[in-house]
Amino acid sequence: MMKNAVQNISILSAALLLCVSAASALEIKSGNDKVHTKVYGELDRAVMYADDGQQDKVFHVDNSHSESRVGFRGEVAASNCLTVGGVLELKWESNPGRQVSMGEETIAGEFTPEFTELYFDHSSAGKLSLGYGTTASYESSEVDLSGTDIIGNAGVADLGGGLKFYDAAAKKYADLTADEVFHGGISTVGLDEINRVLYETPSFGGFTLGASAGEEDKVDFSITYSGDLGGNQLEAKAAWSNPGDGVTQLNGSASLLLNSGLNFTVAASSKDVDEMPVNGDDPSLLYGKIGQQCKLFPVGMTAISVDYGLFKNAAVLDAEQEATAFGVQLVQELEKYSSQLFAGYRVFSLEDNTGADYEDISIISAGARITF
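Given the structure is predicted, the values throughout are model-derived calculations rather than measurements.

Quick rundown of unusual backbone geometry? Include the residues and the values.
Unlike most non-glycine residues, glutamate 216 shows phi in positive territory, near 60°. Looking at where glutamate 216 falls in the secondary structure, it is placed in the loop between β10 (207–214) and β11 (218–229). Residue glutamate 216 is classed as exposed on the basis of its relative accessible area, which comes to 64%. One non-glycine residue with positive phi stands out, namely aspartate 217, at about 60°. With respect to the element layout, aspartate 217 can be found in the loop between β10 and β11.

Could you give an account of the pairing of β11, naming the residues involved and the relevant values?
Pairing geometry for β10 and β11, over 8 bridges, is antiparallel. The partner of threonine 208 across the bridge, within β11, is threonine 224. Here β10 folds back onto β11, and the loop between the two strands holds 3 residues, one of which, glutamate 216, carries a positive phi near 60°. With 11 bridges joining them, β11 and strand β12 (residues 232–244) adopt antiparallel strand pairing. Pairing of aspartate 228 across the sheet is with glutamine 233, part of β12. Between β11 and β12, which pair antiparallel one after the other, the connecting turn spans 2 residues, and glycine 230 there sits at a positive phi close to 60°.

Before we move on, could you go through the pattern of salt bridges and cite the residues and values that matter?
All chains considered together, the criterion is met by 17 salt bridges. A salt bridge links arginine 98 to aspartate 158; its shortest N-O distance comes to 3.5 Å. Separated by 60 residues along the polypeptide, arginine 98 in the loop between β4 (82–92) and β5 (111–122) and aspartate 158 in the loop between β6 (126–133) and β7 (164–167) bring together distant segments of the chain. For arginine 98, a relative accessible area of 31% gives the class partly exposed. Residues aspartate 179 and arginine 98 are paired through a salt bridge, measuring 2.5 Å at the closest nitrogen-oxygen approach. Taken together, the positions of aspartate 179 in helix α2 (residues 178–183) and arginine 98 in the loop between β4 and β5 put the pair 81 residues apart, joining distant regions of the chain. Within the structure, one salt-bridge network assembled from shared partners comprises Glu67, Arg69, Glu89, Lys91 and Glu114.

Calculation rules
Residues numbered from 1 in each chain as written. Predicted model: local features only at pLDDT ≥ 70, side-chain atom pairs only at ≥ 80, totals over all residues. Heavy atoms only, no water. Helix = DSSP H or I, 4+ residues; strand = E, 2+ residues; numbered from the N terminus. Buried < 20%, exposed > 50% of the residue type's maximum accessible area, 1.4 Å probe, protein only. Pairing = 2+ DSSP bridges. Salt bridge = Lys/Arg side-chain N within 4 Å of Asp/Glu carboxyl O.

So, in structure tokens, the structure goes:
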């Protein structure tokens, strides 16, 4: 059965790539002549080598910074000002880079929903979205113009998140994964995808406001800016969210891309926890990246960057946890092929007041992404 499934996926992938190469000759038609339809997606695979100070292993993963997916969009122009549409988008991750570990290097792929929504987009009144999808605060700490975010951004544990820290003092693995230490109690994306109602205003001088309310009484608000400043591009986002369970969270990030290609990205987040243990402290993160874009080769833009993140108390509130992540990223655009080649190096470090002596986790990864 597994062999047949793999064969079917291979045939489907080949068919999609053929569709991409013949896109100019192929028209996708809807059953309703008034509706314009579109198929889109991406495949994003990587080879990841990890060393946790005790073991090392090579993994073949789907890059969780930008997961493989396929989507279907249908739109109809109801008037000159109003567009009505719907999106069905599914992710497919075989061996997710955020989940594989020394004890589990093979994780079967499965389709999971990213969007199942209807929307009403009015040029003057804004956009209203109904269904399952992103929220107003989504990716509010992941604004990034570096061109290297597919291999490294504020979501530092999207590759290697399933790896556990080895405690050299106790001579055993701690019950702490990189994902828990960096993402467990503090989210770089605000609220994740949920069933919700999302409203976004039109852009006013580059500013957009957003608000969403969804299942389990989850609500959030955001303000986004995108603009051109004398040939320099600036994007920023700030958000407040209430994911429930007696906590609220503030997220924010900004990225500046100069016309020289030099770029700077910063991000921060803080969570306010109502039921704080004695000697506990709120989870928080600070993140920064410096990068450069230049056209070294005629095939497309080359982007390089270095980043550093400091995450406090993300997994345990009262252990004085300080986790740091240092990384180097390289992305090469292949413009004619709608693709990117990427490589990255990442080091995770952890300290706390438990007396543990955690070994660093080192990760080297390389891969490619094709979009269609």
